[in-house]
Amino acid sequence: MSDFISPIYNIKGMGPAVNSMFDRFQTAEATPLFNYTSNYGISALRDVITTTGGGTVTNTLGFYQVATSVSANDGAILDTAERGKLFPGISFEAGISFRLSTAPKGTQKATWGYFDGSNGAYFGQDATGVYTAVLNNGVEIFKVYQSSWNEDKLNGNGPSRLTLDTTIGKMYQIRYGYEYGILEFRIVFVNSLNFQQIVVCHRQTLGTNPVLLSDPNQIIRVRVENGGSGGVLSANVRGRYYATLGTTVPTNRIIAERRLNVTANGSSFIPTVSFQRKSIFPDGSGRNNSVNVQIHSFDILASGDLIWELRTGSTLTGAVFGNISETPSNETCCLSDVSATAIILSTGIKLMSGFAKGGQSAALENFPVNIVLNGTTPVTLVVMSLSGNAFVNVIFRIHEDW
């Protein structure tokens, strides 16, 4: 789990962390897959927010505030829209800048790290103290409090001589390599010499469990919850990122759906093809869909000139999402709709817009925006004629990270 590859031969005087068969220094460079700043407020394209009771997620001063109100059973969750992806043979690192305003009391709890409601790894703090934990298929299989961390208890007496205070902001990192390996929990401190110092506080091994993470492709999440207690619990969140330790060659699929002989008029946009992610995938697994899905391209063939828009999250009339045509259900994590008859433009977000010339095929192969589908929020290609009616045929494609 280190930045260095495990030793085979040692360079003289460099110690056992260096691996080289030809006296060369070998390292694994971090390759970011996504990096979310907190400077620009909340965006439906990158932030997924869930609240319970009086829980809130706000961003007014360049950082996210994830908070409960004073009421019992309040809760708030801030998720990244995009998920990390494990590439076999390459480790990954997830990081989050985080601090708690006050320590939890009673049944209050804060958790932050790389996890959703079913799987992942994270830091947490409750009334007992700070801990690390692993979630596997909805069961918290490991929960280790700070006093039992096996690398540095961060109580002032460990190898670093540093003390953890979660009311002071820090970068928390989680590293992972493969199913039967370890999880490494790390915290970035500013030490007494004013240098940034990364401290590995705990390494979680497999134990008697079959795997550490049943699904390692997760989101970066911050969650606060009151449980049965009252009182405000508030977390400050800034940067969030996911990176692989080494270069990758992704595996993906391009899925297409078509809609033929749609009549476009000159007064309103008409939906053609929509996609949305399945909530559960693989089918019947009961596991949250962890596949990243992006818009890829489309073709439009029309009898007259058109204007088109790509929209996400807009309300559709008459939509029926089902299996994608000529595609086995187990080979795609998405559903499609070709039945919707209208769309409400005041809802959702316009991602892109352009013209399609009548009598020709208008194809846009590589979009200049990097849009990841959120949850089960649909993305729709809509068209409107520039003059009179036009008959339209459409093929719309999405990209799935497999």
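Residues numbered from 1 in each chain as written. Predicted model: local features only at pLDDT ≥ 70, side-chain atom pairs only at ≥ 80, totals over all residues. Heavy atoms only, no water.

Observations regarding the side chain of Asp-215
Among the structural elements, Asp-215 can be located in the loop between strand E13 (196-204) and strand E14 (220-225). Here Asn-217 takes part through its backbone nitrogen, which lies 3.1 Å from a polar atom of the side chain of Asp-215. Of note is the side chain of Asp-215, whose polar atom sits 3.5 Å from the side chain of Arg-287. Discounting chain neighbours no more than four positions away, the residues touching Asp-215 are Asn-119, Arg-287, Asn-288 and Ser-290. (Helix = DSSP H or I, 4+ residues; strand = E, 2+ residues; numbered from the N terminus. Polar contact = N/O pair within 3.5 Å; in protein donor to acceptor, adjacent residues only side chain to side chain. Contact = heavy atoms within 4.5 Å.)

A few points about the nonpolar core
Leu-154 and Leu-183 are the most contacted members of the largest nonpolar core, which has 46 residues in total. With five residues, the single largest contributor to this core is strand E6 (residues 91-100). If near-sequence neighbours (up to four positions away) are discounted, Leu-154 is found in contact with Gln-146, Trp-149, Ser-160, Leu-162, Thr-163, Leu-164, Ile-187, Phe-189, Val-199 and Cys-201. Membership of the second largest hydrophobic core comes to 32 residues, among which are Val-262, Leu-381, Val-394 and Ile-398. (Core = buried A, V, L, I, M, F, W, Y, C linked by side-chain atoms within 4.5 Å. Buried < 20%, exposed > 50% of the residue type's maximum accessible area, 1.4 Å probe, protein only.)

As for the sheet that holds strand E5 (residues 75-80)
A sheet is described by the order of its strands in space; here seven strands give the open sequence E2-E5-E14-E7-E8-E9-E10, paired in antiparallel fashion. Among the strands making up the open sheet, the edge pair consists of strand E2 (47-52) and strand E10 (139-145). Between one strand and the next, the sheet's axes are offset by a mean angle of 15°, whatever the strand orientation. Relative to strand E8 (residues 120-126), strand E7 (residues 109-115) runs antiparallel, the two being bridged by seven bridges. Among the inter-strand pairings, Trp-112 is bridged to a residue of E8, identified as Phe-123. (Pairing = 2+ DSSP bridges. Axes fitted to C-alpha atoms, helices over the stretch in contact; angles between N-to-C directions.)

Things to note about the side chain of Thr-244
By the element assignment, Thr-244 lies in strand E15 (residues 234-245). A polar atom in the side chain of Thr-244 sits 2.9 Å from the backbone oxygen of Gly-246. Contacts of Thr-244, omitting those with residues within four sequence positions, involve Glu-29, Ala-30, Thr-31, Leu-33, Lys-85, Phe-87, Ile-90, Ser-91 and Phe-92.

Overview of the packing of aromatic side chains
Going through the model one piece at a time under the given rule, you end up with 18 aromatic pairs. Seen in terms of ring centroids, Phe-92 and Tyr-242 are 5.1 Å apart; in terms of plane orientation they differ by 40°. Their pairing is tilted. With a gap of 150 residues between them, Phe-92 in strand E6 and Tyr-242 in strand E15 connect regions that are remote in the sequence. Since its relative accessible area comes to 0%, Tyr-242 is described here as buried. Measuring from ring centre to ring centre gives 6.3 Å for Trp-112 and Phe-123, while their planes differ by 15°; the resulting arrangement is stacked. One end of the pair, Trp-112, is in strand E7; the other, Phe-123, is in strand E8, with eleven residues separating them in the sequence. The two residues Trp-112 and Phe-123 agree in class, both being buried. One aromatic cluster in this structure is built from Phe-34, Tyr-36, Phe-92, Tyr-114, Tyr-176 and Tyr-242. A cation over an aromatic ring shows up here: Lys-143 above the ring of Tyr-131, its NZ or CZ 4.5 Å from the ring centre. The residue whose ring lies beneath Arg-240 is Tyr-64, and the NZ or CZ to ring-centre distance is 4.8 Å. (Phe/Tyr/Trp six-rings, centres within 6.5 Å; stacked < 30°, edge-to-face > 60°. Lys NZ or Arg CZ within 6 Å of the ring centre and 35° of its normal.)

Details of the confidence of the model for the protein
Of all residues in the protein, 91% attain a pLDDT of 70 or more, and the chain-wide mean is 90. Within the model, the stretch residues 1-20 combines pLDDT values under 50 with 40 contacts to residues more than four positions away or in other chains. (pLDDT = per-residue confidence, 0-100.)

Brief notes about the sheet that holds strand E19 (residues 306-312)
Reading across the sheet, the five strands line up as E21-E17-E25-E19-E23 and stay open at both edges, with antiparallel pairing between neighbours. Of all strands in the sheet, those bounded by a partner on one side alone are strand E21 (334-337) and strand E23 (349-356). Across the sheet, the mean angle separating the axes of adjacent strands is 15° when strand polarity is ignored. By the bridge criterion, five bridges tie strand E17 (residues 270-277) to strand E25 (residues 379-385) in an arrangement that is antiparallel. Bridged to Phe-275 within E25 is Val-379.

Brief notes about the pairing of strand E3 (residues 56-59)
By the alternation rule, side chains of E3 split into Val-57 and Asn-59, which are all buried, and Thr-56 and Thr-58, of which none is buried. As judged from the four bridges shared by E3 and strand E4 (residues 64-67), these two strands associate in the antiparallel manner. When the sheet's bridge partners are listed, Asn-59 is paired in E4 with Tyr-64. Adjacent in sequence and paired antiparallel, E3 and E4 are bridged by four residues, among which Gly-62 carries a positive phi angle near 90°.

Describing the pattern of salt bridges
Pairs can form between side chains of opposite charge once their charged atoms are near each other. One pass over the structure, following the stated rule, counts 17 salt bridges. A salt bridge links Asp-79 to Arg-221, with the shortest nitrogen-to-oxygen separation between them at 2.7 Å. Highlighted residues: Asp-79 in strand E5 and Arg-221 in strand E14, separated in sequence by 142 residues. Each of the two residues, Asp-79 as well as Arg-221, counts as buried. (Salt bridge = Lys/Arg side-chain N within 4 Å of Asp/Glu carboxyl O.)

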